[in-house]
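Letter by letter, the chains look like this.
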Amino acid sequence: MGLLSKVQSAQQEVQMEEVKDSIGGFSYWPSDVYDLTINMAFLRESSGGSIGLNLFLKNDKGQQFRTILYLTSNLANGQKTFSVVEGKNIPKAAYVLGDNIAKIITNTSLFDLEEEERTVMLYDFDARAEKATKVPALPELIGGKFKGGILHRKANKQVQDNSGKWVPTADITESNVLSKVFNEEGFTVLEAEAEAEKTDLMDAWLDKYKGQVDDRVKSVSGSTSSSAAAPTTSMFN
């Protein structure tokens, strides 16, 4: 069974809440909407069992950006593509992004894509080097184009405590985050389906975020960590 089939079977008979457009709210690239091309797209399961859609992207200047959209919860929580909030099944934001990318490029759902084994160079923490790794790729997405709203984000660094729970520290990280996706004309999936005439959501996203830092840093008590981390390398090359 492929990873997409595994996710789909885990949520059969579940009534999902309708997804609605919203603006929502790293790296050293300014927050903006970029024209993006998918160089590689594949699935990979984390050590905890969350299934991630790995995307190797490049913008129109040829600069590279890699991101992972965790489509599901971990194995202990059923590998679901949704969270239950006040009795409603709310799709995970990363799953919605991944599914919308599939719809923009292929006009079909992520679950309808075929998997094909391919080899990519991935970092191996044991070997401390990149190694050729076989992965279930999604060839229908490779070469596809879309517009991506990418945020420059600052946030508290997360570490695991003695119980294994991820908790914030006073150290600060900076990164780029894929926040919203649009088709090449600038429409969201829902806007395109409704045959909208104006790119309202992209315009609103740009009004809110263009050139801004998405600052999610919070005060952390009881920590002796430095309040400012050393600069890190941009995820764009």
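Preceding block: the structure.
Here goes a summary of the coordinates provided. The numbering scheme is per chain: residues are counted from 1 as the chain's sequence reads. Under the rules for a predicted model, residues below a pLDDT of 70 receive no local features and side-chain atom pairs below 80 are neither given nor counted, while totals for whole chains, interfaces and linings still include all residues. Side-chain metrics rest on all non-hydrogen atoms present in the structure, leaving aside hydrogens and water.

1. A few points about the overall build of the protein
The following threshold applies: Here a helix means four or more residues in a row that DSSP labels H or I, a strand means two or more in a row labelled E, and each is numbered from the N terminus. Only protein chains enter the accessibility calculation, which uses a 1.4 Å probe; a residue is then buried when its area is under 20% of its type maximum, exposed when over 50%, and partly exposed in between. Note that accessible areas follow from Shrake-Rupley with a 1.4 Å probe, and for residues the cover is restricted to the protein chains shown.
Within the protein one finds four helices and ten strands. Listing every helix and strand of the protein by position from the N terminus yields α-β-β-β-β-β-α-β-β-β-β-α-α-β. Classification of the 237 residues of the protein by burial places 41% in the buried group. When the accessible surface of the protein is summed, it comes to about 13,600 Å², and 47% of that surface belongs to carbon and sulfur atoms.

2. Points about the side chain of Ser31
Operational definition: Definition of a polar contact: a pair of N or O atoms within 3.5 Å, with one able to donate and the other able to accept a hydrogen when the atoms are protein atoms, and with sequence-neighbouring residues admitted only if both atoms are side-chain atoms. Contact criterion: two residues are considered in contact whenever any of their non-hydrogen atoms come within 4.5 Å of each other.
One can find Ser31 in the loop between helix H1 (3–10) and strand S1 (32–45). Classification of Ser31 by relative accessible area gives buried; the value is 1%. A distance of 2.8 Å separates a polar side-chain atom of Ser31 from the backbone nitrogen of His152. Ignoring any residue separated from it by four or fewer positions in sequence, one finds Ser31 in contact with Ile150, Leu151, His152, Trp205, Tyr209, Lys210, Gly211 and Gln212.

3. A look at the layout of surface pockets
Convention followed: A pocket, in this scheme, is an open set of points on a 1 Å grid over the protein atoms alone with protein on both sides within 12 Å along at least 5 of 7 lines, while a cavity is a set where a 1.4 Å probe fits but cannot get out; residues line either one if an atom lies within 4 Å of a point. Grid points are joined across faces, edges and corners, and a volume is the space filled by probe spheres set on the points. In this classification, Asp, Glu, Lys and Arg are treated as charged, Ala, Val, Leu, Ile, Met, Phe, Trp, Tyr, Cys and Pro as nonpolar, and every other residue, Gly included, as polar.
As a volume, the second largest pocket reaches approximately 230 Å³. Together, Asn156, Lys157, Gln158, Trp166 and Thr173 line the second largest pocket. Counting residues per element, the ones that place at least two in the lining of the second largest pocket are strand S8 (145–160) and strand S9 (166–182). Among the elements that make up the lining of the second largest pocket, the one with the highest residue count is S8 (three residues). Taken together, the residues that form the lining of the second largest pocket break down as one nonpolar, three polar and one charged.

4. Topic: the side chain of Asp214
For Asp214, the location among the structural elements is in strand S10 (residues 213–215). Within polar-contact distance, the side chain of Asp214 engages the side chain of Arg153 at 2.8 Å.

5. Section: the pairing of strand S2 (residues 51–59)
Selection rule: One requirement defines pairing of two strands: DSSP has to find at least two bridges between them.
Taking burial as the measure, the nine residues of S2 include eight buried ones, the bulk of the element. Examined bridge by bridge, S1 and S2 share nine bridges and lie antiparallel to one another. Directly across from Arg44, in S2, lies its bridge partner Gly52. In this structure, the hairpin formed by S1 and S2 is closed by a connection of five residues, where Gly49 is found at a positive phi of approximately 100°. Where S2 and strand S3 (residues 64–70) come together, seven bridges link them in antiparallel fashion. Within the sheet, the bridge partner assigned to Lys58 lies in S3 and is Gln64. With antiparallel pairing between neighbouring strands as the criterion, S2 and S3 make up a hairpin whose turn holds four residues, including Gly62 at a positive phi of roughly 85°.

6. Observations regarding the packing of aromatic side chains
Basically, it comes down to this: Aromatic pairs are defined between Phe, Tyr and Trp rings, using the six-membered ring for Trp, whenever the two ring centres lie within 6.5 Å; interplanar angles under 30 degrees are classed as stacked, those over 60 as edge-to-face, and all others as tilted. Ring-over charges, as used throughout, are those where CZ of Arg or NZ of Lys falls within 6 Å of the ring centre and within 35 degrees of the ring normal.
If you walk through the whole model with that rule in mind, you get five aromatic pairs. Here the aromatic rings of Trp29 and Tyr34 are separated by 5.9 Å at their centres, their planes lie at 85°, and the arrangement is edge-to-face. The residues Trp29 and Tyr34 share a single accessibility class, namely buried. Over the face of the ring belonging to Phe56 we find Arg66, whose NZ or CZ atom lies 3.8 Å from the ring centre.

7. Let's talk about the pattern of salt bridges
Here is the rule: For this analysis, a salt bridge means a side-chain nitrogen from Lys or Arg found within 4 Å of a carboxyl oxygen belonging to Asp or Glu.
In this structure the tally under the stated criterion is eight salt bridges. A salt bridge links Lys103 to Asp99; the nearest nitrogen and oxygen atoms lie 3.2 Å apart. Remark: Asp99 and Lys103 occur in helix H2 (residues 93–106); sequence separation between them is four residues, near one turn of the helix. In this structure, Glu116 and Arg118 form a salt bridge, with 2.9 Å as the shortest nitrogen-oxygen distance. Given the relative accessible area of 37%, Glu116 is considered partly exposed. Within the structure, one salt-bridge network assembled from shared partners comprises Arg153, Asp214 and Arg216.

8. Quick word on the nonpolar core
Rules: Joining through side-chain atoms within 4.5 Å is the link that ties buried Ala, Val, Leu, Ile, Met, Phe, Trp, Tyr and Cys residues into a set, and such a set is a nonpolar core.
Counting residues in hydrophobic clusters, the biggest one holds 31 residues, and the most contacted among them are Ile38, Leu43, Leu55, Leu69, Ile101, Leu138 and Phe146. Going through the elements one at a time, H1, S1, S2, S3, H2, S8 and S9 are the ones with two or more residues in this core. Element by element, the count of residues in this core is highest for H2, at six residues. Residues contacting Leu138, with those up to four places away along its chain left out, are Leu4, Ala41, Phe42, Leu43, Leu53, Leu110, Leu113, Glu114 and Glu115.

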